[in-house]
Amino acid sequence: MSTMTGMTAVLARAEEEPSGIDAAVNETVGPIADRVTNIVFYELTLFGVAVPVIVVWLITGAVFFTFYLGFKNIVGFRHAIDLVRGKYSKPEDAGEVSHFQALTTAVSGTVGLGNIAGVAVAISLGGPGATFWMITAGFFGMSLKMAECTLGVKYRKERADGSVSGGPMYYLRDGIAKLGKPGLGKVLAVIFAVCCIGGSLGGGNMFQSNQATALIVEVTGGALDNFRWAIGLVFAAFVGLVIIGGIKSIARVTDKVVPFMAAIYVTACIIVIVANISFVPAAFGEIVSGAFSPEGITGGFVGVLIVGFQRAAFSNEAGVGSASIAHSAVRTKEPATEGFVALLEPFIDTIVICTMTALVIVMTGVWQDQTAAALGGVALTTAAFQTVLPWFQYVLVVAVVLFAFSTMIAWSYYGMKATGYLFGDSTKAENIFKAVFCVFTLIGAMLSLGPVIGFSDSMIFLMSVPNLIGLYLLARVVKREVNGYWARVKSGEIEMVEKT
Amino acid sequence: MTSILIGIDSSSASSRAVALGLRMAVATHAEVLIVHAIPWSPYSFTTAEDNEVRASERKAEIEAATTQLLRPTLELAKKAGVDAEGIARHGHPVELLVDLAAERGVDHIIVGRTGENKMKQVIYGSIPGRLILNAPVAVTVVP
């Protein structure tokens, strides 16, 4: 597990011997998390470098769908933006979930710590070159996201009361049943749902509360280091208020503030970039040269590539299937429209926001500074911003806490839907899941980062196994939907709605 | 045949607008289009749970607007002997009235002067105010 141990070493800062309750939790949960990680990240040795099979699995799927769907992530990009702008929405459908709303809901689940902390992890492990491979993976990931969201809408279930549920569980079960293999479909759907529950507890919850807590401890100068459980308790309480207490106002407020924070974050990135404008060409140079001939990176070229791909996949979740659950609620008669809209998600998440973070870290040179690089994760990103905007760590804390919170809420929904699928929409099962979710928020805050990141990665990546098998089996259906729709857009059969 | 669009909500000014609109319709033998806008924006931020039940909530909102506002108003029109049609649709009130006025080619828009809070009026301008600035036809605002 070179990647994992390497990551643990880099993030050692967060591992200063916790004591008391925190330590007890670490000792019990830590080894279990490590074992799961070892299984999921089974490595093959290629060209003398240990390569996690699961990362190859994801990137192969992304490249396959990019070619299979004819590079719709490039040719359909403009159309995707027009759809989000409502240029194809009929006035009679006003009041239904718009493409914009489906997209922003899904994005609020994806844009999170992966964009701030994940990029820093990638650069501290793989150097600036990792950025190049993150962007590449984001580019190919667009097509994968398109495929899973098209299917998500096509096979969603509309209940008698008009509420809708969609996502991989449904297309795996119903889509594959239509291919004459109902048994296989059911098995894949169940495996997916189980992994989705794990992913929602891991990457969607523990990792988020862990990193948000770590940053709060960091900013307060370590004074709260022995009180991680208290911070965790506060997070768990707020999460509980929203998902168990049904206090929608908190979720609504977060959902309104998050885009605002994202705007502030990107603006801050631009400020730092402009302040160091003369380093931009050099930074891009380092990113490109580091991608192909990295110096002093474990595993060389392949090592960097794997680090970049892995962080990108964790950040934009393409192929994981999670976003398909959020995108399925949109109002559209054409499943492919949501596929086009969904391809914007990896673009926003990975190609725009991750690249911004990467540029800030690379240009300010903090990643080369041994002490700063040893911080890893969100602390490295903070150090990079500090060089230009000294007060920025306080803004970053707020941003990180809000991103983490909105991601937790989004993933609690994914986990709840998976639970609902497994237990026939039983309210009791869903409530038990919600309670467990809150407990994991607390555990995440108390654990050290090593086991948390391992477990989180494992569970999220595991979701991609049944999901991608299903996507390959249903590839023809996706192609028929997407190309059929695209042909009608090109022929003018589907026209923009006249806006006066 | 001339036609009059009456924009309605639950305010008392709105009832006076309806009364005036119907009197004018009777006098000019005009047909009337009664519109209620359910405030909604496709660009608002929603949670996944909101989205899941959106379709049924939308239906319920249209149902409520129809039974509580449109139907009673259409009754009034019928009593006055005016040909009337009602529409309840989601959207921004000003945009919806402007779009429908253009689409249906109405000759006149009548609305009540609704009581929005002062702060909102200062920032965005009042709904009748913006309607006057954007409408393709004459607008009458009833106090």
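Criteria and cut-off values
Residues numbered from 1 in each chain as written. Chains lettered and ligands numbered in written order. Predicted model: local features only at pLDDT ≥ 70, side-chain atom pairs only at ≥ 80, totals over all residues. Helix = DSSP H or I, 4+ residues; strand = E, 2+ residues; numbered from the N terminus. Rg over C-alpha atoms; globule rule 2.2 N^0.38 Å. Buried ≥ 20, exposed ≤ 12 C-beta atoms within 10 Å, placed from the backbone. Contact = placed C-beta atoms within 7 Å. Nonpolar A, V, L, I, M, F, W, Y, C, P; charged D, E, K, R; others polar. pLDDT = per-residue confidence, 0-100. Core = buried A, V, L, I, M, F, W, Y, C linked by C-beta atoms within 7 Å. Axes fitted to C-alpha atoms, helices over the stretch in contact; angles between N-to-C directions. Parallel < 35°, antiparallel > 145°, perpendicular 65-115°, else oblique. Left-handed = near helix turned anticlockwise from the far one by under 90°. Expected span 1.5 Å × (residues − 1). Pairing = 2+ DSSP bridges. Right-handed = clockwise from strand over helix to strand, strands pointing away.

## Quick word on the overall build of chain A
When helices and strands are counted, chain A shows 23 helices and four strands. The C-alpha radius of gyration of chain A comes to 22 Å, within 12% of the 23 Å expected for a compact globule of 500 residues. Dimensions of chain A, computed from the C-alpha atoms along their principal axes, are close to 60 × 55 × 50 Å. The burial tally for chain A puts 59% of its 500 residues in the buried class.

## Section: the interface of chain B and chain A
Between chain B and chain A, the contact holds 24 residues from the first and 29 residues from the second. When contributions to the side of chain B that touches chain A are tallied by element, the ones reaching two or more residues are α2 (48-79), β3 (84-91) and α3 (93-104) of chain B. Each residue belonging to the side of chain B that touches chain A can be placed in one class, and the counts come to nine nonpolar, seven polar and eight charged.

## Structural notes on the environment of Ala282(A)
Residues and elements named next belong to chain A. Locating Ala 282 in the fold gives a position in helix α13 (residues 280-292). Taking the C-beta count within 10 Å as the criterion, Ala 282 has 13 such neighbours and is therefore assigned partly exposed. In this structure, the C-alpha to C-alpha distance between Ala 282 and Val 362, residues 80 residues apart in sequence, is 9.4 Å.

## Structural notes on the confidence of the model for chain A
Residue and element names in this part refer to chain A. In this model, chain A carries a mean pLDDT of 85, and residues with pLDDT of at least 70 account for 93%. By mean pLDDT, helix α1 (residues 2-10) is the weakest element of chain A at 36, and helix α9 (residues 168-178) is the strongest at 96. Here residues 1-17 is a poorly scored stretch, pLDDT under 50, and it has 36 contacts once near neighbours within four places are set aside; other chains count.

## Structural notes on the nonpolar core
A general trend in soluble globular proteins is that nonpolar side chains are found buried together. One finds Ile361(A) and Val400(A) to be the most contacted residues of the largest nonpolar core, which totals 167 residues. Counting residues per element, this core draws most heavily on helix α20 (residues 392-422) of chain A, at 18 residues. Setting aside residues up to four positions removed in sequence, Val400(A) forms contacts with Leu113(A), Ile116(A), Gln211(A), Ala212(A), Leu215(A) and Val378(A). Counting 34 residues, the second largest nonpolar core, distinct from the first, contains Ile4(B), Ala17(B), Leu22(B) and Ala135(B).

## Concerning the packing of helix α16 (residues 335-342) of chain A against helix α23 (residues 475-491) of chain A
Residue and element names in this part refer to chain A. Relative to each other, α16 and α23 sit at 90 degrees, their axes nearing to 9 Å. The angle between the axes of α16 and α23 places the two elements in the roughly perpendicular class. Together, Pro 335, Ala 336 and Gly 339 of α16 and Glu 481, Val 482 and Tyr 485 of α23 make up the contact between the two elements.

## Considerations on the packing of helix α10 (residues 182-219) of chain A against helix α21 (residues 427-446) of chain A
Residue and element names in this part refer to chain A. Relative to each other, α10 and α21 sit at 35 degrees, their axes nearing to 7 Å. The element α10 and its partner α21 pack so that their crossing is right-handed. Of the residues in α21, those touching α10 at Ile 197, Leu 201, Asn 205, Met 206, Phe 207, Ser 209, Asn 210 and Thr 213 are Phe 433, Phe 437, Phe 440, Thr 441, Ile 443, Gly 444 and Ala 445. For the contact of α10 with α21, the residue count by class is nine nonpolar, six polar and no charged.

## Side note on α21(A)
Relative to the 28 Å expected for 20 residues at 1.5 Å per residue, α21(A) spans 29 Å between its end C-alpha atoms, a close match to the ideal helical length. Taken together, the buried positions of α21(A) are occupied by Phe433(A), Phe437(A), Cys438(A), Phe440(A), Thr441(A), Leu442(A), Ile443(A), Gly444(A), Ala445(A) and Met446(A).

## Focus: the pairing of strand β2 (residues 31-39) of chain B
All names here are of chain B. Relative to β2, strand β1 (residues 3-7) runs parallel, the two being bridged by five bridges. Paired with Gly 7 across the two strands is Val 35, which belongs to β2. Remark: the β1/helix α1 (residues 12-28)/β2 crossover connection has right-handed handedness. In this structure, β2 lies alongside β3, joined through eight bridges in parallel fashion. For Val 32, the partnering residue across the bridge sits in β3 and is Ala 84. Each parallel crossover has a hand, and for β2 linked through α2 to β3 it is right-handed.

## With respect to the sheet that holds strand β5 (residues 138-142) of chain B
All names here are of chain B. Judged by pairing direction, the sheet is parallel, and its five strands sit side by side in the order β3-β2-β1-β4-β5 without closing on themselves. Only two strands of the sheet have a single neighbouring strand rather than two, namely β3 and β5. Averaged over all adjacent pairs, the angle separating strand axes in this sheet is 20 degrees, with direction ignored. The sheet contacts of α2 involve β2 and β3, and relative to β3 the element is tilted by about 155 degrees. Most of the contacts of α3 go to β2, to which it runs at about 150 degrees, and overall it touches β1, β2, β3 and β4 (108-112).

## Comments concerning the pairing of β4(B)
All names here are of chain B. Among the five residues that make up β4, five are buried, leaving the element largely enclosed by the rest of the structure. Two strands pair when backbone bridges link them, and β1 and β4 are joined in this way by four bridges, in the parallel orientation. Among the inter-strand pairings, Gly 7 is bridged to a residue of β4, identified as Val 111.

## Focus: unusual backbone geometry
The general pattern is negative phi for most residues beyond glycine and trans for most peptide bonds. All names here are of chain A. At Phe 71, a residue that is not glycine, the phi angle is positive and equals roughly 50 degrees. With respect to the helices and strands, the residue Phe 71 is situated in the loop between α3 (53-68) and α4 (72-75). Here Phe 71 falls in the partly exposed class, since 14 other C-beta atoms lie within 10 Å of it. Phi is positive for Asp 425, close to 55 degrees, though the residue is something other than glycine. Checked against the element boundaries, Asp 425 lands in the loop between α20 and α21. What makes Asp 425 partly exposed here is the crowd of 15 C-beta atoms within 10 Å.

## Some thoughts on α16(A)
All names here are of chain A. Among the eight residues in α16, eight count as buried, and that is most of the element. Where α16 is concerned, the buried positions are Pro 335, Ala 336, Thr 337, Glu 338, Gly 339, Phe 340, Val 341 and Ala 342. Check the buried side of α16 and you find it contacts α5 (77-84), α6 (99-110), α8 (129-154), α15 (322-327), α17 (344-363) and α23.

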